[in-house]
Amino acid sequence: SNNNGKAFIADNKFGLQIIDVNNIDSPSILSHYSNLSSAKSIVSSKDDSKAFIADGTGGLRILDISNLNSLLPLGTYNTSGTATDLVLSNDESVAFVADGSAGLKIVDITDINSPTLLGTYNTSGSAVDIVLSKDETKAFVADGSKGFKIIDISDSSSPSLINSFNTNGYYVNVVLTENEKRAF
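Computed from a predicted structure; not experimentally measured.

Student: Run through the sheet that holds strand β2 (residues 16-20), naming residues and quoting values.
Tutor: Taken together, three strands build an open sheet; the order of strands is β1-β2-β3 and the sheet is antiparallel. The open sheet is flanked by β1 (6-10) and β3 (28-33), the only strands paired with a single partner. Across the sheet, the mean angle separating the axes of adjacent strands is 25 degrees when strand polarity is ignored. Relative to β2, β1 is paired through five bridges, and the arrangement is antiparallel. Note on β2: the bridge partner recorded for A7 is I19.

Structure, rendered in structure tokens:
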């Protein structure tokens, strides 16, 4: 969350859990939404009124969380893979979804009730984590057994590979340094 004493938890088969963490010695559940496939990752809007969920085989799910007593579904985009992570553009108009074996999905979320696909880049592995460059022209993707991909997203309708790196490991997470010169 963007604070306000709330933590948003992707709880896999149990859905979205919203936890009050104002008193760290005694956290408590404020609300939950369980009508999801398999919540893998959650991003809240800047004003904490919407939750964007990478919902496994359920794709991209968007919930109205402005009233914690009544969480409501807003929109869904059924991705063709298994949505495991997502990042929003700074203006919250585009969702970048790591979609497992279906690669990177770029989804227009300006109409929150009816998200639409802008572009796709099919990675050669299983896209499981994503980070954007500060200028939002590059996506850094952990691609499972196929390594780490750097994808040009400056034209969201036609993303393209800039470079890739692979070792014998299985890539599940990407972190960029503040100056974006190193990835971990």
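Student: Explain the side chain of K149 to me, and be specific about the residues and the numbers.
Tutor: Within the element layout of this structure, K149 appears in strand β14 (residues 148-152). We classify K149 as buried; its relative accessible area is 5%. If near-sequence neighbours (up to four positions away) are discounted, K149 is found in contact with T123, S124, A139, F140, V141, D143, L161, N163 and S164.

Student: Could you give me a rundown of the pairing of strand β8 (residues 85-88), with the residues and numbers involved?
Tutor: Neither face of β8 is open: one carries D85 and V87, the other L86 and L88, and all of them are buried. Looking at chain direction, β8 and strand β9 (residues 94-98) are connected through four bridges and run antiparallel. Each residue of the ladder has a partner; that of L86, found in β9, is V97. The loop that links β8 with its antiparallel partner β9 comprises five residues; one of these, E92, has a positive phi angle of about 60 degrees.

Student: Residues and numbers for unusual backbone geometry, please.
Tutor: The residue D48 is not glycine, and still its phi comes out positive at about 60 degrees. With respect to the secondary-structure elements, D48 resides in the loop between β4 (41-44) and β5 (50-54). A positive phi angle, close to 60 degrees, is found at E136, a residue other than glycine. For E136, the location among the structural elements is in the loop between β12 (129-132) and β13 (138-142).

Student: Quick rundown of the environment of A102? Include the residues and the values.
Tutor: For A102, the position within the fold is in the loop between β9 and β10 (104-108). Sequence separation of A102 and T123 is 21 residues, and the distance between their C-alpha atoms is 7.2 Å.

Student: I'd like a description of the nonpolar core, backed by residues and values.
Tutor: Judged by nonpolar contacts, the single largest core of 14 residues is most densely connected at F96, L104, I130, L132, A139, I151 and I153. Those elements that place two or more of their residues in this core are β9, β10, β12 and β13. By residue number, the principal contributor to this core is β9, which donates three residues. Not counting residues up to four positions away in its chain, the partners in contact with A139 are L104, I130, V131, L132, K149, I150, I151 and I153. Judged by nonpolar contacts, the second largest core, of 13 residues, contains Y77, A83, L86 and A95.

Student: Explain the environment of G81 to me, and be specific about the residues and the numbers.
Tutor: By the secondary structure assignment, G81 is in the loop between β7 (72-77) and β8. Distance from G81 to S126, taken between C-alpha atoms, is 9.2 Å for residues 45 residues apart in sequence. Those residues in contact with G81 that sit more than four places away from it in its chain are G56, T57, D99 and A102.

Student: Explain the sheet that holds β14 to me, using residue names and the numbers behind them.
Tutor: The antiparallel open sheet is built from four strands, whose spatial order is β12-β13-β14-β15. With one partner strand each, in any of the chains shown, β12 and β15 (160-165) form the two edges of the open sheet. Within this sheet the neighbouring strands show an average axis-to-axis angle of 20 degrees, counted without direction. For β13 and β14, the ladder comprises five bridges, and the chain directions are antiparallel. Residue pairing for β14: A142 is matched across the bridge by F148.

Thresholds applied
- Residues numbered from 1 in each chain as written.
- Predicted model: local features only at pLDDT ≥ 70, side-chain atom pairs only at ≥ 80, totals over all residues.
- Heavy atoms only, no water.
- Pairing = 2+ DSSP bridges.
- Helix = DSSP H or I, 4+ residues; strand = E, 2+ residues; numbered from the N terminus.
- Axes fitted to C-alpha atoms, helices over the stretch in contact; angles between N-to-C directions.
- Buried < 20%, exposed > 50% of the residue type's maximum accessible area, 1.4 Å probe, protein only.
- Contact = heavy atoms within 4.5 Å.
- Core = buried A, V, L, I, M, F, W, Y, C linked by side-chain atoms within 4.5 Å.

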